[in-house]
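Topology and contacts: notes
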Amino acid sequence: MTTATAPAVDSVEKPGTRRRPSRPGTGVGRPGFAWAAPAALFFGLFAIVPLALVVVLSFTRWNGLGSPEFAGLENWSKLLDDPVMVKSLWLSLLLTVLGVLVQTPLSILLGVWAAGPQRNRAVLSAIYFVPLLLSITAVSVLWRAVLDPNFGVPSQATWLFGDGNLFGVQSSALGVLVFVSTWQFTPLHTLLYQGAARAIPQVLYQAAQIDGAGRYRQFFHITLPQLRNTVITSTILMVVGGLTTFDTVLILTQGGPGTDTTNSAYYMYQKAFKSFDFGGASAIALLLVLVATLVSLVMVKLSGYDKMRSTMEGV
């Protein structure tokens with residue numbers, strides 16, 4: 001004879017009742033502020049405090065010695081009337097746009113290729129990522145020697161480089177800056193696209209193959225749309241990096257010929273450490289921060305990046 005067991009009362013949830021939130025440490029939820037405290041402290045000491053000091057110095061007159069003197073809006077009015085500053089800002093934007101236009105398609109193609117099952121892919125990818133391990137200074141010194149007009153490759157290949165002086169004309173000097181930045185930083189963005197391409201569900205490609213879609217249609221209709229979020233992230237990194245490029249300009253062209261490759265970051269360096277105008281240099285630095293922040297916010301807003309939500313939130 002079998003006896004029926006009554007259902008457990010605790011396992012039945014009455015209609016209209018709300019389940020109590022689990023205690024801290026017993027369930028899955030967002031981490032508390034204590035987890036972010038070390039990073040917040042580090043960011044405050046090395047980012048917020050220096051930025052606040054730059055804001056203060058931008059309204060002063062100081063040559064690096066003695067005490068700063070309050071100058072009001074003098075430094076800012078000089079910037080508006082300085083033709084070199086206006087030119088340097090446009091050059092910064094030009095270098096940034098050229099960097100994005102060149103690096104983005106290269107990074108996408110290389111990243112998608114590196115995510116595939118090709119033979120010797122891992123070895124070739126490791127070799128390709130070597131420039132990413134080098135410092136900007138080392139890379140700039142290397143290419144300065146390679147492209148030297150007297151002893152470098154251009155002096156031996158005049159049929160291709162003309163007189164060999166790539167740093168004597170603005171167009172070729174800008175081309176060298178874009179090329180060197182692309183050679184070093186494309187592997188970083190390639191790595192981003194490689195990870196994103198590997199995360200694309202294979203079932204999408206299998207369904208496309210069943211429908212008769214070829215490799216090119218799969219790339220443009222599946223791969224590229226799935227890489228949209230990574231494209232936005234990579235582009236923002238390129239924009240911020242392009243607007244603050246300094247080491248490459250300092251070592252390769254030193255702002256020349258004349259001021260034809262003097263971007264805003266290098267002009268800030270000249271103001272501070274050659275003209276000893278730290279107030280004016282601080283104003284340039286603050287202007288760069290404002291421009292980079294504004295451009296990033298516009299990109300985030302137009303791309304819809306601010307509305308993205310992670311599917312793994314809380315895991």
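Note on numbering: residues in each chain are counted from 1, in written sequence order. Only residues with pLDDT of at least 70 get local features here, since the model is predicted, and only at 80 or more are side-chain atom pairs given and counted; chain-wide, interface and lining totals rely on the full set of residues. Hydrogens are left out, water is left out, and the side-chain values use all remaining heavy atoms of the structure.

**Here's the deal with the packing of aromatic side chains**
Each Phe, Tyr or Trp ring, with Trp reduced to its six-membered ring, pairs with another whose centre is within 6.5 Å; inter-plane angles below 30 degrees give stacked pairs, above 60 give edge-to-face pairs, and intermediate values give tilted ones. Tallying each qualifying case throughout the model produces twelve aromatic pairs. Centroid distance F59 to W76: 6.4 Å. Interplanar angle 40°. Geometry classified as tilted. Pair noted here: F59 is in the loop between α1 (33-57) and β1 (60-61) and W76 is in helix α2 (residues 74-81), with a separation of 17 residues, a long-range link. For the ring pair Y266 and Y269, a centre distance of 5.7 Å and an interplane angle of 35° mean the geometry is tilted. One end of the pair is Y266 and the other is Y269, both in helix α14 (residues 264-273) and three residues apart, which spans about a single turn. Burial here depends on accessible area, computed with a 1.4 Å probe over protein chains only, as a share of the maximum for the residue type. Under 20% is buried, over 50% is exposed, and the range in between is partly exposed. Exposure remark for Y269: the relative accessible area of 23% places this residue in the partly exposed category. Counting every residue linked through ring pairs, the aromatic cluster contains W62, F246, Y266, Y269, F273 and F278. Helix and strand definitions here come from DSSP, where helices need a minimum of 4 consecutive H or I residues and strands a minimum of 2 consecutive E residues; each element is numbered from the N-terminal end.

**Quick look at the pattern of salt bridges**
We define a salt bridge as a contact between a side-chain nitrogen of Lys or Arg and a carboxyl oxygen of Asp or Glu at a distance within 4 Å. For the structure on display, the rule yields five salt bridges. When the shortest N-O distance is used, the salt bridge between R61 and E69 registers 3.3 Å. Residue E69 is classed as partly exposed on the basis of its relative accessible area, which comes to 47%. Here E74 makes a salt bridge to R61, at a shortest N to O gap of 2.5 Å. Of this pair, E74 sits in helix α2 while R61 is found in strand β1, placing the two residues 13 residues apart along the sequence. Judged by its relative accessible area of 23%, E74 falls in the partly exposed class. The class for R61 is partly exposed, based on a relative accessible area of 39%. Because the salt bridges share partners, they merge into one network encompassing R61, E69, E74 and K78.

**Some points on a nonpolar patch on the surface**
Patch building starts from residues that exceed 30% relative accessible area and form no salt bridge, then joins like charges within 9 Å and nonpolar side chains (Val, Leu, Ile, Met, Phe, Trp, Tyr) within 5 Å. Only the protein chains shown count as cover for residues, and all accessible areas are computed by the Shrake-Rupley method using a 1.4 Å probe. A cluster of nonpolar side chains, contributed by L41, F42, L45, F46, V49 and L53, occupies part of the molecular surface with about 660 Å² of accessible area. Looking at the secondary structure, you find F46 in helix α1.

**Examining the confidence of the model for the protein chain**
For every residue, the predictor states its confidence as a pLDDT score lying anywhere from 0 to 100. Counting all residues, the mean pLDDT for the protein chain is 86, and 87% of those residues have values of 70 or more. Contacts are assigned to residue pairs that have any heavy atoms within 4.5 Å of one another. The low-confidence segment residues 6-11, where pLDDT is below 50, has zero contacts with residues more than four positions distant or belonging to other chains. Every residue in residues 310-315 is under pLDDT 50, and counting partners more than four places away or in other chains gives two contacts.

**Some remarks on the packing of helix α3 (residues 83-114) against helix α11 (residues 215-226)**
Where α3 contacts α11, the two axes come as close as 12 Å, and the packing angle between them is 95°. Taken as axis vectors, α3 and α11 run roughly perpendicular relative to one another. Contacts between α3 and α11 involve I108, L109 and V112 from the first element and F219, T223 and L224 from the second. Axis definition: a line fit to C-alpha positions, over the contact stretch in the case of helices; interaxial angles, taken between N-to-C directions, run 0 to 180 degrees. Should an angle fall under 35 degrees it is taken as roughly parallel, and over 145 as roughly antiparallel, whereas 65 to 115 is taken as roughly perpendicular and any remaining angle as oblique.

**Details of the nonpolar core**
Take the buried residues of types Ala, Val, Leu, Ile, Met, Phe, Trp, Tyr and Cys, join any two whose side-chain atoms come within 4.5 Å, and each joined set is a nonpolar core. Core analysis: the biggest nonpolar cluster contains 15 residues, and W143, L147, V176, L177, V180 and L252 have the highest contact counts within it. The set of elements that each furnish at least two residues to this core consists of α3, α6 (136-146), α9 (170-198) and α13 (247-252). No other element matches α9, which puts five residues into this core. Setting aside residues up to four positions removed in sequence, L147 forms contacts with P154, L166, F167 and V176.

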